[in-house]
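# An overview of the molecular structure
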Amino acid sequence: PHSPAALSNMAMFQYVSRRNLDFAEKLFKRALIAAPNDIPTVLNYACVMEEGRRDPQTADGLIAYARSLDAAETERLLAQRQDELEGMERQDDDDDKEEEPRITEIK
């Protein structure tokens, strides 16, 4: 038996690296059976449902559930996730700029 955190990590790996949504969802469900009040797992599952399954209703329900457990902690984790996403977008923009050919003036 794996810990809820390990199951959640394996689920994210299945989703991100292998795009195996069915297995990721199964692992999230197992993690939440073991620890139904684990807010990070609930939020990770919500993100996979929204991004992977394109199921915003289920994602919204999971986020509402996380808020019912601890609204302040849920908002903190959601803000942290948003900051990380914005940081990745900035990095992608920086990477794109580096790949553009450099044009130098010939004199």
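Residues numbered from 1 in each chain as written. Predicted model: local features only at pLDDT ≥ 70, side-chain atom pairs only at ≥ 80, totals over all residues. Heavy atoms only, no water.

## Remarks on helix α1 (residues 4-16)
Over its 13 residues, α1 runs 18 Å from end to end, which matches the ideal 18 Å to within 8%, given 1.5 Å per residue. Listed as buried for α1 are Leu7, Ser8, Ala11, Gln14 and Tyr15. Here the buried residues of α1 occupy an arc of 120 degrees about the axis, which is enough to place them on one side. The exposed residues of α1 that point more than 90 degrees off its buried face are Asn9 and Val16. Among the structural elements, α2 (21-34) and α3 (39-51) are those in contact with the buried residues of α1. (Helix = DSSP H or I, 4+ residues; strand = E, 2+ residues; numbered from the N terminus. Expected span 1.5 Å × (residues − 1). Buried < 20%, exposed > 50% of the residue type's maximum accessible area, 1.4 Å probe, protein only. Arc of directions from axis to C-beta. Contact = heavy atoms within 4.5 Å.)

## Observations regarding the nonpolar core
Ranked by internal contacts, the top residues of the largest apolar core, which has 21 residues, are Leu43, Tyr45 and Leu62. Counting only elements with at least two residues in this core, the list comes to α1, α2, α3 and α4 (56-69). The element contributing the most residues to this core is α3, with 7 residues. Those residues in contact with tyrosine 45 that lie beyond four places of it in its chain are Glu25, Phe28, Lys29, Leu32 and Leu62. (Core = buried A, V, L, I, M, F, W, Y, C linked by side-chain atoms within 4.5 Å.)

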